[in-house]
Amino acid sequence: MAESFGTSFTIVEVTSDDAPQPTKQMWLALAKPNQALTLVLAAVPEGWTAEVVPAVLTEKQQRMFEELNLEPGDVYRIARE
């Protein structure tokens, strides 16, 4: 039986392996934190690292992310402002 991805958003920060100035990106996953890491790492180049960012979303952020219409298990790169 497949494990549920859950219904909450997890924010993941990924870092490239480019030395001496690695690139950092923020990703959003509609999945549980441990699953979010795996899903985001599958979406970025090999060798990058990822960690869950402990964050509580505001109502505005929650609504904005819901408007993306992500399905459980989907990931989305958050563009820099």
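Residues numbered from 1 in each chain as written. Predicted model: local features only at pLDDT ≥ 70, side-chain atom pairs only at ≥ 80, totals over all residues. Heavy atoms only, no water.

Quick word on the pattern of salt bridges
Note on pairing: side chains with opposite charge can pair once their charged atoms come close. Following the criterion strictly, the structure yields 2 salt bridges and no others. In this structure, Glu59 engages Arg63 in a salt bridge whose closest nitrogen and oxygen atoms are separated by 3.7 Å. In this pair, Glu59 and Arg63 both sit in helix H2 (residues 59-66), 4 residues apart, roughly one turn of the helix. Among the residues examined, Glu59 registers a relative accessible area of 64% and is labelled exposed. A relative accessible area of 45% means that Arg63 is categorised as partly exposed. (Salt bridge = Lys/Arg side-chain N within 4 Å of Asp/Glu carboxyl O. Helix = DSSP H or I, 4+ residues; strand = E, 2+ residues; numbered from the N terminus. Buried < 20%, exposed > 50% of the residue type's maximum accessible area, 1.4 Å probe, protein only.)

Points about helix H1 (residues 33-43)
Taken together, the buried positions of H1 are Gln35, Ala36 and Val40. The buried residues of H1 occupy an angular sector of 125° when the element is viewed end-on, so they sit on one face. In this structure, H1 carries Asn34, Thr38 and Ala42 as exposed residues pointing more than 90 degrees from its buried face. The inward-facing, buried residues of H1 contact strand S1 (9-15), strand S2 (24-30) and strand S4 (75-78). (Arc of directions from axis to C-beta. Contact = heavy atoms within 4.5 Å.)

Shape is all these values report; function is a separate question.
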